[in-house]
Each structure stands twice: as C-alpha cells, then as structure tokens.
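What the coordinates show
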Amino acid sequence: MRLIRPSVEWEDEHRSYVEEWGTSRMVPSSFDLSVNETYDAYLQALAIREAGNEKWLPSTNYFLVDDNDKIVAMVDIRHKLNDFLRNVGGHIGYSTRPSERKKGYATFILAGALKKCKELDINQVLVTCDEDNIGSAKVIINNGGMEDESFTDTDGTVKRRFWIEN
Ligand SMILES: CC(C)(COP(=O)(O)OP(=O)(O)OC[C@H]1O[C@@H](n2cnc3c(N)ncnc32)[C@H](O)[C@@H]1OP(=O)(O)O)[C@@H](O)C(=O)NCCC(=O)NCCS
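Residues numbered from 1 in each chain as written. Predicted model: local features only at pLDDT ≥ 70, side-chain atom pairs only at ≥ 80, totals over all residues. Heavy atoms only, no water.

Here's the deal with the packing of aromatic side chains
Put simply, the rule reads: Each Phe, Tyr or Trp ring, with Trp reduced to its six-membered ring, pairs with another whose centre is within 6.5 Å; inter-plane angles below 30 degrees give stacked pairs, above 60 give edge-to-face pairs, and intermediate values give tilted ones. Counting from the N terminus, the helices are the DSSP runs of H or I reaching at least four residues and the strands are the DSSP runs of E reaching at least two. Think of it in three bands: residues with accessible area under 20% of the maximum for their type are buried, residues over 50% are exposed, and the middle band is partly exposed, with areas taken using a 1.4 Å probe on protein chains only.
For the coordinates displayed, the defined rule picks out three aromatic pairs. Ring geometry for F31 against F63: centres 5.6 Å apart, planes inclined by 40°, an arrangement best described as tilted. Taken together, the residues span a long stretch of sequence, with F31 in the loop between helix 1 (11-21) and helix 2 (39-51) and F63 in strand 2 (residues 59-65) at a distance of 32 residues. Across the pair, F63 and F31 agree in class, each one buried. Plain terms: the ring middles of Y39 and Y42 are 5.3 Å apart, the flat faces sit at 40° to each other, and that makes the pair tilted.

Okay, structure coming up:
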C-alpha cells in the first residue's frame, strides 16, 4: 500500500474510481473529474488549487494504491484552516472506493495523511464528519480523534469535529 500523487499515469485508475462512485458528489471534491474536459486540464486545475491560488488554501492530494496498482482510497490534506474549514471541512478529507469499504483503508489513509501533516508541521489536526456518518467517525476515533463542539450549518447539517494531536 502506498500514497501516490495524482499524475497522468493514474488517469485510467482515477476514472475507474469515479465511475464506480456514481453520480453523488465526489468526496473529496478535489478528485472530481466532471469539471474539466481532459485529464491534463484536471491536473492543471489541481496544481492551481494545491498551490493555494485563487480561492484555495494550500493543499496536497494522494491516492492510496494497493499492491495491484488499484486506487482504493483518496485523501485531500488542507495545510491551513479558514472559517469554512475550521467549522465544516477540517484539515483532511478522504473517501474509500465503494467496492473496497470496511477493509480498513480509510483508517489507513487517515494515518498516512497524519504523517504527511507532521512533515508539514501541522501538529493539531482537525477532522470532521456528518453526524450520521458512523463509519467516518470511527475512522477518526481509530486515529486518536478527540471530539470538540459540533457545528450546525445554515441548512441544518450537523458536523462532528475532532482534533488529533499529531
Ligand atoms: C466513511 C468511509 C470513508 C469509511 O471508509 P472505510 O474504508 O470503509 O473505513 P474503514 O474500513 O477504515 O472502517 C473504519 C471503521 O468504521 C466501520 N465502518 C465503516 N463504514 C461503516 C458504516 N457504513 N457503518 C458503520 N460502520 C462503518 C468499520 O467497520 C470500522 O470499524 P472498526 O474500527 O470498529 O473496525 C467510506 O464509507 C466512504 O468513502 N464514504 C463516503 C465518503 C465519506 O463519507 N468520506 C468521509 C467524509 S468525513
């Protein structure tokens, strides 16, 4: 298992993950391929986003790839918090490929992302989940998450917020 940065060699695998994901909103949104016409355009837009230009804070994306070169999970690490991230998004967002769930991959990719946070000197890491997302709450608690106050968005969605000492 290894963390790999998106690049053109991973286009087919990335597209296959997105196809399996279906029509619901892509999580993390930085892996969404529906906005750009080509994979090159996606990679260029991702580079702008990751550099923290325009409306984005600096971030880094990784695929979790298994020994058969299959992308089994994805993670997006935000290097800083703004008001939205402090309340809703947190430092780290992740997902597991639908056919690969409940095998420990989200727990594994969050642990890997925490190591990357350490390299970035992010020592207190905020990770959030919807209050009905039992699986994600377990992933966070498995990685040492300590629960803080929840945040209720204007649409009534409640986010559980956890801090991990890194
Ligand atoms: C939430 C999600 C990331 C979990 O991924 P996963 O790879 O299945 O998680 P893990 O295998 O590491 O499971 C961690 C724990 O949660 C449990 N779990 C996972 N999904 C669950 C579910 N739907 N209901 C209840 N428990 C669940 C596992 O059994 C495991 O329990 P354990 O620690 O007691 O053994 C995945 O379902 C997903 O991608 N969902 C859509 C995107 C999303 O919600 N991302 C998180 C945003 S905050």
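Here the narrative resumes, following the displayed structure.
Focus: the site of the ligand
Here is the rule we go by: We call a residue near a molecule or strand when any one of its heavy atoms sits within 4 Å of it. Polar contacts, as used here, are pairs of N or O atoms within 3.5 Å; protein pairs need one atom able to donate a hydrogen and one able to accept it. Residues neighboring in sequence count only if both atoms are side-chain atoms. For the area figures, the Shrake-Rupley method with a 1.4 Å probe applies, and any residue is considered shielded solely by the protein chains shown.
Around the ligand, the surrounding shell holds 21 residues, and the nearest of these are T96, K102, G104, T107 and N133. One of the side-chain N or O atoms of T96 is found 2.8 Å from an oxygen atom in the ligand. Within the contact set of the ligand, an oxygen atom lies 2.7 Å away from a backbone nitrogen or oxygen of G104. A total of 920 Å² of accessible area belongs to the ligand in isolation, and the protein chains cover 71% of it. Considering every element that reaches the shell around the ligand, the biggest residue donor is helix 5 (residues 134-142), with six residues.

Points about helix 2
To be explicit about the condition: The span one expects for a helix is its residue count, reduced by one, times 1.5 Å. Throughout, the arc means the angular range of directions from the helix axis out to the C-beta atoms. Contacts are assigned to residue pairs with any non-hydrogen atoms lying within 4.5 Å of each other.
Counted at 1.5 Å a residue, the expected span for helix 2 with its 13 residues is 18 Å, and the 18 Å between its end C-alpha atoms agrees. Residues Y39, Y42, L43, L46, R49 and E50 constitute the buried set of helix 2. Across the axial projection of helix 2, the buried residues extend over an arc of 120°, all falling on one side. Elements in contact with the buried residues of helix 2: helix 1, strand 2 and strand 3 (71-78). Positive backbone phi, approximately 85°, marks G52, located one or two places after helix 2.

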